[in-house]
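Residues per chain, in single letters:
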Amino acid sequence: MSAPAAVDIAPSLAWTPRAVVLLASGAALLGLGLVFLAPGLLFVGLPLLLAPIAASLVAPSTDPSVDLTWAVEGIGRDVDVVGELRVPPPVDPADLEVAFSLPPGLRPRDRPAIERDPGRIRFRLHWEAVDPLVVPVPPPRVVWRDPAGLVERRVTGERPPLEVERYPPEVLRAGAVRLERTIALPGEVRSRSLGPSGEFFGLRDAAPAEPPRRLNWIASARAGRPIANDYRVDRTGDVVIVVDARPTSLGPRADASLLALSVAGACGIAESFLRERARVGVAIFGEFLDAVPLGSGRAHRLRLRSALLAARLATEFAPAERCAIAMRRYFPPGVTTLVISSLADPDSIELVAFLRRRGFPVTVLSPSPLPPRPPGAMAGPAELADRIARLARRVRIARAWQEARVVDWDDRWSLAPFVALLRRPDDRRRIA
Amino acid sequence: VTRSEPPSPGPRGPGPGIVALGLAFVALALVTEGSIVVGLGIAAAGIVGGTILLRRPGRSARATAPLPVVAAAAVLAGRAPLGAIPELLAGTAALAVLVWLSDDPRRPPAGVRRGVWGWLIPAVAVAIAWTSTGLLPSDAASLGVAAGALVAAVGALAYLSARPELLEPDRAPTL
């Protein structure tokens, strides 16, 4: 027989620090009043001692249940989190205190707007993404608190997860790149999926936001309503995205920032290729290799996203050859490989070399650790140091070019050079 | 990568709480022994200090906001002469502190109305204590009665402070 499930019987009603201050003050005044025989002090202390008790008596008898519905709005760097908390009676929304946490990678753009109506609390948070990012938004902390702030009670309810995604706009076009195939006779195996490109399959009613290029104008004119083409989609090929999550000489803070940017880039690129029905795999190389094998579809998208969001900066350094050896266990050689690495250390360049020697044609997307330099922002020694740092980075990227094609991701809100490079055929690979 | 708090909505303007607090403290200062100017100065210092702390966004600062106000009330009550009216004004000043706390400028308005039981129950206790001092024959007797009641209250408070769940209703025994 299994043991009964544990039930949470922890008390949810608690004094606040302000109540403790009042109780301590009241007790102190009581003592002083008795010592100095001053009834005035007793009369001051009595209400202070009773106030927390009175506040406890008027608190809700059980934990209030408040359900949350929320969504992310805004375009580009602007992130607006809009939501509503449904507050069932008899709880007064004015007695609920709502506190929000700012996820990493976002900064406030404006003060939050919180409106309390009978039965609900509506809020709109105005944030701004510093860099491209994929980050979960922690649900707001909601507590019931009496108006004097002496007693608080836990608030339960549904808190659906929410994520903020912001990518460079060019990432939408990355999936249209022709990829290398790694399965036998891929053209003989037709996908059953319908999509935006491939062999013509049939006609259907156009969706309201249908791109004009997909509309069949002749059929639309004949039918008198918008008609769109459907295509039987060919899988274009396979792609593996390798995220370098090893520590570098830049320090943990810069490494964490670059890893968050790398994860966002990997998420955006993976989604773009999955949308085109390509098979996508992900490998995160920290101390060891965490890999999600090649696959496609909606469930695979969730697998990739979960793996990428779980990526953490490794605490121990790992040799680059370990990654190359482990990659062969999960992925076939010849698969198009995108390595996202800051190339801050020589060992990062070695990772590219080892992967290439193991048969993976590598293209490197390198998020730059150097901040964008506005014209005329620096002067004197600071400008000289900045110029030297940029020269050193150019040298590192030039060295990496000896092993693979490299894109310096210095403008973090643009992936146009990367997409353009992917579209170009890799001449070096053909010669090899 | 840092995690920080987003800016919260700013504090509201002055409400009825600070008006009640000001009136109660001025009345108490007027009956204190010694210079009225000193009494009014103590009252003003307490109110200003408490209001500054209450309007700050930090949680710890807002938790300690009652301290300057209570300290000012204690000093004024200690300077007040023995008598029914000063005792009533001392109790009223303490009640005004509770009303002022209910009118938190960083929380939705109408806190005084919503938190009426939070200051009305102590007000009833003050009324009972003050009435008993008037009905009993001597000041020493009233002090003894009040002290006995307060000792019992402090004992109960200490017990309840350690176990606040006693104020919750019983949970259903079934899962």
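Residues numbered from 1 in each chain as written. Chains lettered and ligands numbered in written order. Predicted model: local features only at pLDDT ≥ 70, side-chain atom pairs only at ≥ 80, totals over all residues. Heavy atoms only, no water.

> Requested: an account of the overall build of chain B, with residues and values cited.
Of the regular secondary structure elements, chain B holds 8 helices and 0 strands. Helices (α) and strands (β) of chain B occur, in sequence order from the N terminus, as α-α-α-α-α-α-α-α. In chain B, which comprises 175 residues, the share counted as buried stands at 41%. Accessible surface computed for chain B: about 8,600 Å², of which carbon and sulfur atoms make up 71%. (Helix = DSSP H or I, 4+ residues; strand = E, 2+ residues; numbered from the N terminus. Buried < 20%, exposed > 50% of the residue type's maximum accessible area, 1.4 Å probe, protein only. Areas by Shrake-Rupley, 256 points an atom, 1.4 Å probe, with all protein chains shown as cover.)

> Which residues make up the side chain of A:Ser341, and what values go with them?
All names here are of chain A. Relative to the helices and strands, serine 341 resides in the loop between strand 18 (336–340) and helix 8 (346–357). Judged by relative accessible area, serine 341 falls into the buried class, the value being 2%. A polar atom in the side chain of serine 341 sits 3.2 Å from the backbone nitrogen of leucine 343. (Polar contact = N/O pair within 3.5 Å; in protein donor to acceptor, adjacent residues only side chain to side chain.)

> Summarise helix 2 (residues 36–55) of chain B; cite the residues concerned and give the values.
Residue and element names in this part refer to chain B. For helix 2, with 20 residues, the first-to-last C-alpha span of 28 Å sits near the 28 Å given by 1.5 Å per residue. Every buried residue of helix 2 is accounted for by Gly39, Ala43, Gly46, Ile47, Gly50, Thr51 and Leu54. Angularly, the buried residues of helix 2 cover 120° about the axis, an arc narrow enough to put them on a single face. Counted as exposed and oriented over 90 degrees from the buried face of helix 2: Val37 and Ala45. Two to three positions downstream of the cap, the backbone nitrogen of valine 37 sits 3.2 Å from a side-chain oxygen, assigning the N-cap of helix 2 to serine 35. (Expected span 1.5 Å × (residues − 1). Arc of directions from axis to C-beta.)

> I'd like a rundown of the confidence of the model for chain A, residues and numbers included.
All names here are of chain A. In this model, chain A carries a mean pLDDT of 85, and residues with pLDDT of at least 70 account for 89%. Averaged pLDDT values over the elements of chain A bottom out at 51 in helix 11 (residues 427–431) and peak at 94 in helix 4 (residues 217–223). Across residues 1–10, where pLDDT falls below 50, the model places 5 contacts with residues more than four positions away in sequence or in other chains. With pLDDT under 50 throughout, residues 185–190 is counted as low confidence; its partners more than four residues away or in other chains account for 5 contacts. (pLDDT = per-residue confidence, 0-100. Contact = heavy atoms within 4.5 Å.)

> Give a detailed account of the sheet that holds strand 17 (residues 289–295) of chain A, specifying residues and quantitative values.
All names here are of chain A. Read from one edge of the open sheet, 6 strands run 17-16-15-18-19-20, paired in mixed fashion. The sheet terminates laterally at strand 17 and strand 20 (405–409), the two strands that pair on one side only. Shown here is a sheet whose adjacent strand axes are inclined to one another by a mean of 15°, direction ignored. Bridging between strand 18 and strand 19 (residues 362–367) involves 4 bridges; their strand directions are parallel. Bridged to leucine 338 within strand 19 is threonine 363. (Pairing = 2+ DSSP bridges. Axes fitted to C-alpha atoms, helices over the stretch in contact; angles between N-to-C directions.)

> Account for the packing of aromatic side chains, with residues named and values stated.
All names here are of chain A. Here the structure, examined in full by the defined rule, presents 2 aromatic pairs over all chains. Here the aromatic rings of phenylalanine 100 and phenylalanine 123 are separated by 4.8 Å at their centres, their planes lie at 55°, and the arrangement is tilted. Note that phenylalanine 100 is positioned in the loop between strand 4 (96–99) and strand 5 (106–108) and phenylalanine 123 in strand 7 (residues 120–129), a separation of 23 residues in sequence. Its relative accessible area of 6% is what places phenylalanine 100 among the buried residues. Measuring from ring centre to ring centre gives 6.3 Å for tyrosine 330 and phenylalanine 331, while their planes differ by 50°; the resulting arrangement is tilted. Across the ring face of phenylalanine 354, the terminal group of arginine 357 is positioned such that the distance to the ring centre comes to 5.5 Å. (Phe/Tyr/Trp six-rings, centres within 6.5 Å; stacked < 30°, edge-to-face > 60°. Lys NZ or Arg CZ within 6 Å of the ring centre and 35° of its normal.)

> So what's going on with the side chain of A:Glu170? Residues and values would help.
All names here are of chain A. Residue placement: glutamate 170 occurs in the loop between strand 11 (163–166) and helix 3 (171–174). A polar atom in the side chain of glutamate 170 sits 3.0 Å from the backbone nitrogen of leucine 415. With residues near it in sequence (within four places) discarded, glutamate 170 still touches Trp413, Ser414, Leu415, Ala416 and Val419.

> Quick one: what's the story with the sheet that holds strand 1 (residues 13–15) of chain A, residue by residue and with numbers?
All names here are of chain A. Pairing within the open sheet is antiparallel, and its 4 strands lie in the order 1-10-9-4. One side of each edge strand has no neighbouring strand; the edge strands of this open sheet are strand 1 and strand 4. Neighbour-to-neighbour, the strand axes of this sheet turn through a mean angle of 35°, independent of strand direction. Alignment of strand 4 against strand 9 (residues 141–145), held across 4 bridges, turns out to be antiparallel. In the strand pairing of strand 9, glutamate 97 is matched with valine 143. Lying over the sheet, helix 2 (residues 39–57) contacts strand 1 and strand 10 (151–154), oriented at roughly 165° with respect to strand 1.

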